[in-house]
Amino acid sequence: MRVLVVEDHVNIALPLKKALVNEGFVVDVAHDGVSGQWLATENPYDVIVLDIMLPGRNGYDVLRNLRELQIWTPVLMLTAKDGEYDQTDAFDLGADDYLSKPFSFIVLVARLRALMRRGAPERPSALEAGSLVLDPAKHLVTHGGEPIALTAREFAVLQFLMRHTGDVVSKAEILDNVWDASYDGGENIVEVYVGHLRKKIDVPFGVESLETVRGRGYRLHAVDR
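This is a predicted model, so every value here is computed, not measured. (Residues numbered from 1 in each chain as written. Predicted model: local features only at pLDDT ≥ 70, side-chain atom pairs only at ≥ 80, totals over all residues. Heavy atoms only, no water.)

(A) Fine view of the environment of Ser170. Relative to the helices and strands, Ser170 is located in the loop between β10 (168-169) and α7 (171-178). For Ser170, a relative accessible area of 22% puts it in the partly exposed group. Ser170 sits 48 residues away from Tyr218 along the chain, and the two C-alpha atoms are 6.4 Å apart. The residues contacting Ser170, other than those within four sequence positions of it, are Arg216 and Gly217. (Helix = DSSP H or I, 4+ residues; strand = E, 2+ residues; numbered from the N terminus. Buried < 20%, exposed > 50% of the residue type's maximum accessible area, 1.4 Å probe, protein only. Contact = heavy atoms within 4.5 Å.)

(B) Fine view of the pattern of salt bridges. Counted by the stated rule, this structure contains eight salt bridges. Asp28 serves as the salt-bridge partner of Arg2, at 2.9 Å between the closest nitrogen and oxygen. With Arg2 in strand β1 (residues 2-6) and Asp28 in strand β2 (residues 26-30), this pair connects stretches of sequence that are 26 residues apart. By relative accessible area, which is 27% here, Arg2 ends up partly exposed. Glu23 serves as the salt-bridge partner of Arg113, at 3.5 Å between the closest nitrogen and oxygen. With Arg113 in helix α5 (residues 105-118) and Glu23 in the loop between α1 (10-22) and β2, this residue pair connects regions lying 90 residues apart in the sequence. Taking relative accessible area as the criterion, Arg113 reaches 26% and is therefore assigned partly exposed. (Salt bridge = Lys/Arg side-chain N within 4 Å of Asp/Glu carboxyl O.)

(C) Representation of the packing of α1 against α5 in the model. Put simply, α1 and α5 touch, their axes get as near as 12 Å, and they point 60 degrees apart. As judged from the angle between their axes, α1 and α5 are oblique. Where α1 crosses over α5, the two elements pack in a sense that is right-handed. Packed against α1, whose contacting residues are Leu16, Ala19 and Leu20, the element α5 presents Phe105, Leu108, Val109 and Leu112 at the interface. A class-by-class count of the residues in the contact of α1 with α5 yields seven nonpolar, no polar and no charged. (Axes fitted to C-alpha atoms, helices over the stretch in contact; angles between N-to-C directions. Parallel < 35°, antiparallel > 145°, perpendicular 65-115°, else oblique. Left-handed = near helix turned anticlockwise from the far one by under 90°. Nonpolar A, V, L, I, M, F, W, Y, C, P; charged D, E, K, R; others polar.)

(D) Looking closely at helix α2 (residues 33-42). Listing the buried residues of α2 in full gives Gly33, Gly36, Gln37, Leu39 and Ala40. Burial along α2 is one-sided: seen end-on, the buried residues are contained in an arc of 160 degrees. For α2, the secondary structure elements touched by its buried residues are β1, β2, β3 (47-51) and α3 (59-68). Two or three places before Val34, at the start of α2, stands the capping residue Asp32, its side-chain oxygen 3.1 Å from that residue's backbone nitrogen. (Arc of directions from axis to C-beta. Polar contact = N/O pair within 3.5 Å; in protein donor to acceptor, adjacent residues only side chain to side chain.)

(E) How the structure looks around the sheet that holds strand β4 (residues 75-79). Read from one edge to the other, the open sheet built from five strands follows the order β2-β1-β3-β4-β5, with strand pairing classed as parallel. One side of each edge strand has no neighbouring strand; the edge strands of this open sheet are β2 and β5 (97-100). Within this sheet the neighbouring strands show an average axis-to-axis angle of 20 degrees, counted without direction. Bridge analysis of β1 against β3 gives four bridges, and the strand direction is parallel. The residue of β3 that forms the bridge with Val6 is Leu50. Sheet strands in contact with α5 are β1, β3, β4 and β5, and its direction is about 170 degrees off that of β5. (Pairing = 2+ DSSP bridges.)

(F) Fine view of the UniProt feature "modified residue: 4-aspartylphosphate" (unreviewed entry) in the chain. According to UniProt, the "modified residue: 4-aspartylphosphate" (unreviewed entry) feature falls on Asp51. Secondary-structure assignment places Asp51 in strand β3. Setting aside residues up to four positions removed in sequence, Asp51 forms contacts with Val6, Glu7, Asp8, Gly59, Leu78, Thr79 and Lys101. (UniProt positions renumbered as here; feature names shortened; annotations may be inferred.)

(G) Summary view of the sheet that holds strand β11 (residues 210-213). In spatial order, the strands read β10-β12-β11; together these three strands make up an open sheet with antiparallel pairing. Of all strands in the sheet, those with a lone pairing partner are β10 and β11, marking the two edges. Packed onto the sheet, helix α8 (residues 188-202) meets β11 and β12 (217-220) and runs at close to 145 degrees relative to β11.

See the structure below:
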């Protein structure tokens, strides 16, 4: 079981390496993003522990570059940040798990073992629902290859719906996942943005992918053009 740890703080990286070795892992360590990315492209690893705040190249860029190179090694992002948007960014770029500092070593090992059992199947970060494709990393939406211009909020609503393609999601669920805690308006704002999306992803293409489920919420269908 070979692990790459990319962590710039020596007081974290070295004890982590020692502890993982004691658990039976073979561990390589890099202290900056450039060397970490090089090691990840040159060696086969079962899992990568990747800090976000790194010198030379941050963890987001390292992860993005690895996925663009079609290196699908499971990645656990490790960072002092704990904001929900940081987690979302990591998952959008193709991360497999996320752990905030300070962390429990027992939990870290358990998550690494789980990622190793899962393996490294190809899993592009773009979301697809029929002819509709959303690429979070590039912030791009296309329908049958034709680009669709969305506002940041429209993009976020569509992204949430596409993560749940075929499922009914309520207004409350959309509100909780797309608007931040400071929003104090009503749920009707969701209707407004669903209406905006219909005008952009359905009407121009003569399809009806975004369904209103009366009394329950909305469901996005995978519809081919």
